[in-house]
Amino acid sequence: MEKLSIRDIFKGIEFSESDVAIAEKKFTEIFVEKGSILLTPGEFVPYQYFVYEGCLRTYFITEAGKEYTLQFAVNDWWISDYTAFFTDQKSMFYIDCVKNATIYKISKQGMEELYKEVPQIESFFRIKMERFFGTYQKRILSDLAMTAEEKYLRFLKSYPDIEKHIKNYHLASYLGITTESLSRVRSELMKK
């Protein structure tokens, strides 16, 4: 596989060759195998990750043992425990690898340096975070008001190519429904 260019991560930004050289030094490429745990609760979160290829998942487990999936990150998505990353607190979440992945990690210090050295990246992230926040609020509201079928269809639209790579209970936990409800929704949709 060809090495990722910084221009692939920050699509839409015009970079000089010196900007590219500065930015590429801040990222480290890593390969993560399916089933690997990248982050566990109680750890400090030194990195955020750009998924070049593959699929990662953020989730937490309640004291009663119930698992809730918060996010899947597929090609061209970012993932981390952002609350912990931005506030220097310990993680509340797990991040695991659902499908073999090539990812690029960058530290908080690396990001801060990039903001100063290549200012258009700070603007890129501000816009990305604004969109993420809006999307996150919509997901919360939708989860409160949507039917199981509507949630499932929204998932398919947001993540069109990963359903075959994830376990049913991961998907059900993301949707906030039981695996039985997920099976019922799929069955009803096949009849339509």
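Residues numbered from 1 in each chain as written. Predicted model: local features only at pLDDT ≥ 70, side-chain atom pairs only at ≥ 80, totals over all residues. Heavy atoms only, no water.

Caption draft 1: Expanded view of the overall build of the protein. Of the regular secondary structure elements, the protein holds eight helices and six strands. Starting at the N terminus and ending at the C terminus, the protein contains elements arranged as α-α-β-β-β-β-β-α-β-α-α-α-α-α. Against the globule reference of 16 Å for 192 residues, the protein gives a C-alpha radius of gyration of 18 Å, in line with a compact fold. Overall size of the protein, expressed as C-alpha extent along the three principal axes, is 55 × 35 × 30 Å. Evaluated residue by residue, the protein yields a buried proportion of 41% over its 192 residues. In the protein, the proportion of contacts linking residues at least 24 apart, taken out of those at least 6 apart, comes to 67%. Total accessible area on the protein stands at roughly 11100 Å², and carbon and sulfur atoms take up 54% of it. Side-chain charges in the protein split into 27 positive and 28 negative, and the spacing between the mean points of these groups amounts to 5 Å. (Helix = DSSP H or I, 4+ residues; strand = E, 2+ residues; numbered from the N terminus. Rg over C-alpha atoms; globule rule 2.2 N^0.38 Å. Buried < 20%, exposed > 50% of the residue type's maximum accessible area, 1.4 Å probe, protein only. Contact = heavy atoms within 4.5 Å. Areas by Shrake-Rupley, 256 points an atom, 1.4 Å probe, with all protein chains shown as cover. Lys, Arg positive; Asp, Glu negative; His and termini not counted. Charge placed at Lys NZ, Arg CZ, Asp CG, Glu CD.)

Caption draft 2: Representation of helix H2 (residues 17–24). Every buried residue belonging to H2 is among Asp-19, Val-20 and Ala-23, and all of these are buried. Looking straight down H2, one finds its buried side chains confined to an arc of 100°; they lie on one side. Residues of H2 that are buried make contact with helix H1 (6–9), helix H4 (108–117) and helix H5 (119–145). (Arc of directions from axis to C-beta.)

Caption draft 3: Structural context of the confidence of the model for the protein. Summarising the model, the protein shows a mean pLDDT of 88, and 98% of its residues fall at 70 or more. No element of the protein has a lower mean pLDDT than H5, at 81, and none a higher one than strand E2 (residues 37–39), at 96. (pLDDT = per-residue confidence, 0-100.)

Caption draft 4: Expanded view of the pattern of salt bridges. Here the structure, examined in full by the defined rule, presents nine salt bridges. Between Arg-57 and Glu-67 there is a salt bridge; the shortest N-O distance is 2.7 Å. Taken together, the positions of Arg-57 in strand E3 (residues 47–61) and Glu-67 in strand E4 (residues 67–73) put the pair 10 residues apart, joining distant regions of the chain. Asp-96 serves as the salt-bridge partner of Arg-57, at 3.2 Å between the closest nitrogen and oxygen. Of the two residues, Arg-57 is situated in strand E3 and Asp-96 in strand E6 (residues 94–107); the sequence distance between them amounts to 39 residues. Summarising the burial analysis for this pair, Arg-57 and Asp-96 share the class buried. Sharing partners across several salt bridges, the network here consists of Lys-26, Glu-113 and Glu-117. (Salt bridge = Lys/Arg side-chain N within 4 Å of Asp/Glu carboxyl O.)

Caption draft 5: Quick look at the packing of helix H6 (residues 148–158) against helix H8 (residues 179–191). Where H6 contacts H8, the axes come no closer than 10 Å and their chain directions differ by 80°. Classified by the interaxial angle, the pair formed by H6 and H8 is roughly perpendicular. Side by side, H6 and H8 meet where Ala-148, Glu-149, Tyr-152 and Leu-153 of the first sit next to Leu-182, Val-185, Arg-186, Glu-188 and Leu-189 of the second. For the contact of H6 with H8, the per-class residue count stands at six nonpolar, no polar and three charged. (Axes fitted to C-alpha atoms, helices over the stretch in contact; angles between N-to-C directions. Parallel < 35°, antiparallel > 145°, perpendicular 65-115°, else oblique. Nonpolar A, V, L, I, M, F, W, Y, C, P; charged D, E, K, R; others polar.)

Caption draft 6: Region of interest: the pairing of E6. With 10 of 14 residues buried, E6 is to be regarded as a mostly interior element. In this sheet, E6 lies alongside strand E1 (residues 28–32) in antiparallel orientation, the contact comprising five bridges. Following the sheet pairing, Thr-28 is matched in E6 by Lys-105. As defined by bridge partners, E3 adjoins E6 across 11 bridges and the pair is classed as antiparallel. Each bridged residue has a counterpart across the sheet, and for Leu-56 the counterpart in E6 is Cys-97. (Pairing = 2+ DSSP bridges.)

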